[in-house]
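Chain and residue survey
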Amino acid sequence: MTDFPWGTGTATGVGSYPGTDPAEALRTVLGELPELPHLPELPARGPGADMTGRTAGLLVELPVHLEPSGWRFSDRPGRDTRRSLDHLARDLDLLEELAHGHDGPVKIQVCGPWTLAAAIELRHGDRALKDPGAVRDLTASLAEGVSRHVADVRRRLPAARIVLQIDEPGLPAALAGRVPTASGFSRLAPVEAPLAEHGLRQVIEAAGDAYPVVHCCAARVPYGLLRGAGAKAISFDLGTVPKRDDDAVGETIDAGIGLLIGAVPATDATLPSLEATAAPVRELWRRLGFPPALLAEQAVITPACGLAGASPRYARAAMKRCRDTARMLYEAAE
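Summarised in this report is the structure supplied together with it.

So, on to the nonpolar core. Grouped together as the largest cluster of nonpolar side chains are 95 residues, with contacts concentrated most on Leu59, Phe73, Leu95, Leu129, Leu164, Leu226 and Phe236. Ranked by size, the runner-up nonpolar core spans 9 residues in total, among them Phe4, Val163, Val213 and Val300.

Structure (C-alpha cells):
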C-alpha cells in the first residue's frame, strides 16, 4: 500500500483563514483538524500575508515590494518584504508553541512557481511569466527558499511529518495562454507543458523528504503534469471536476497518488446534511470504479478552497464538516 502520511478517514484545510489573530486561527485548526492540521494563512492582516507576498518573502536574493498594481521585483528588500517575513516568523513561533510534540503530519503551504510568476511583476511592469530568464531565476530562488522553510519547520516540529502544499491555481491559465499582460489588452504566450513540469519539479525536489501536494482549485487541473513533476497528492475543488476528467482522475488514483478533495463550500453557505456533503465524493469514486475502502485511505476531505472569504463561525463549521464527512466515508467503508 502507498505510504500516505495521513491515516484513514482524515480531513484538513486548504490554507487561508479569516481574521487577523494567528494564535486563535491555529488553535481552531488544531482543535478541528487534529489528524492533519495546517498552518493557517491570514490575508486579512494585509500586504505580506496574502498568498503572493507570503511566498515572495521566502525568495532568496530576489526582493519584492508592493506597487499599486501588485507585487514587483526590486533592488533591495523593503518594508513589504520585512512585513511578510515578520508575519511568517510569528506564525512559525506559534506553530512551535501550540503544536509542540505533534508527531503526526502537519501541512504548510507555499505559492507555486507558475502562479507566482504570473502574479509578480518585473521592474518595468511586465509579468515575470513573460520573461523565460526571469522565470528560471524565480524558480531557482523559490526552490532554495522552500528548502530553507521546510528545514525551519522541521527544526521546530522534529517529530512531525511535513506535508508541503504547493498552490498552483494559476497553472491552468498559464498552460492555456490565458494570463493577461500587465496592460490587460492581450494574453501572454502559453507555457509549454514540459517546461511547467520541470519548474514545478525543481521546487518539489528542493523540499527533500517533505510530502509534496499540489493544490489547484481552478478548472482543467493538469493531473498528468502534476504527477510527472513529482506530486504525491493533488488537491482540487470537486465542484470544478467535469466528467470528462474522469480518465485523468482515475489514472491518478490508479498511480497511488493521494487526493485532497474539496467537498465543502469555502464561503458562508447553509451546509446540507452530512450525507449530502459526502454524496458527490462517493459518486466520483463509484463512477471511477474503485473500492470504497480505498477512498478512506487515499483521499482527504477539505474545503473547496481557502476559507479567507468566510466568517470565523462558518470557517470552524466547514472544518468540522470536513472532519465528519471523512469519518463517515471511513466508517461506511468498514
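Attention now goes to the environment of Val163. Mapped onto the elements, Val163 comes out in strand β5 (residues 161-167). Note: C-alpha distance between Val163 and Gln109 (54 residues apart in sequence) is 8.5 Å. The contacts of Val163, once residues within four sequence positions are left out, are Pro5, Leu36, Pro105, Val106, Lys107, Ile108, Tyr211 and Val213.

This part is about the pairing of strand β4 (residues 105-111). Burial runs high along β4: 7 of the 7 residues are buried. Burial along β4 is two-sided: Pro105, Lys107, Gln109 and Cys111 and Val106, Ile108 and Val110, pointing in opposite directions, are all buried. Strand direction decides the pairing type here: β4 and β5, joined by 7 bridges, are parallel. Within β5, the position partnered with Val110 by the bridge is Ile166.

Interhelical geometry of helix α3 (residues 79-98) versus helix α5 (residues 132-156) gives an angle of 30 degrees and a closest axis separation of 9 Å. In terms of orientation, α3 and α5 fall into the roughly parallel class. As α3 runs across α5, the sense of the crossing is right-handed. On α5, the residues touching Leu88, Leu92, Asp93, Leu95 and Glu96 of α3 are His149, Asp152, Val153 and Arg156. Across the contact of α3 with α5, the residue classes break down as 4 nonpolar, 1 polar and 4 charged.

Turning our eyes to something else, we now look at the pattern of salt bridges. Side-chain pairs of opposite charge can arise whenever the charged atoms involved come near each other. This structure, assessed with the given rule, holds 21 salt bridges. One salt bridge connects Arg45 with Asp91, and the closest N-O pair in it is separated by 2.8 Å. Note that Arg45 is positioned in the loop between α1 (22-32) and α2 (51-56) and Asp91 in helix α3, a separation of 46 residues in sequence. Residue class for Asp91 comes out buried when judged on its relative accessible area of 3%. Residues Arg287 and Glu283 are paired through a salt bridge, measuring 3.8 Å at the closest nitrogen-oxygen approach.

Spatially, β1-β9-β8-β7-β6-β5-β4 is the arrangement adopted by the 7 strands of the open sheet, whose pairing is parallel. With one partner strand each, in any of the chains shown, β1 (10-11) and β4 form the two edges of the open sheet. Here 3 bridges tie strand β6 (residues 211-215) to strand β7 (residues 233-237), and the two strands are oriented parallel to one another. Residue Val213 lies in a different strand from β7, and its bridge partner there is Ala233. With respect to the sheet, α5 is in contact with β4 and β5, its orientation differing from that of β4 by roughly 155 degrees.

Cut-offs used in this document
Residues numbered from 1 in each chain as written. Predicted model: local features only at pLDDT ≥ 70, side-chain atom pairs only at ≥ 80, totals over all residues. Heavy atoms only, no water. Core = buried A, V, L, I, M, F, W, Y, C linked by side-chain atoms within 4.5 Å. Buried < 20%, exposed > 50% of the residue type's maximum accessible area, 1.4 Å probe, protein only. Helix = DSSP H or I, 4+ residues; strand = E, 2+ residues; numbered from the N terminus. Contact = heavy atoms within 4.5 Å. Pairing = 2+ DSSP bridges. Axes fitted to C-alpha atoms, helices over the stretch in contact; angles between N-to-C directions. Parallel < 35°, antiparallel > 145°, perpendicular 65-115°, else oblique. Left-handed = near helix turned anticlockwise from the far one by under 90°. Nonpolar A, V, L, I, M, F, W, Y, C, P; charged D, E, K, R; others polar. Salt bridge = Lys/Arg side-chain N within 4 Å of Asp/Glu carboxyl O.

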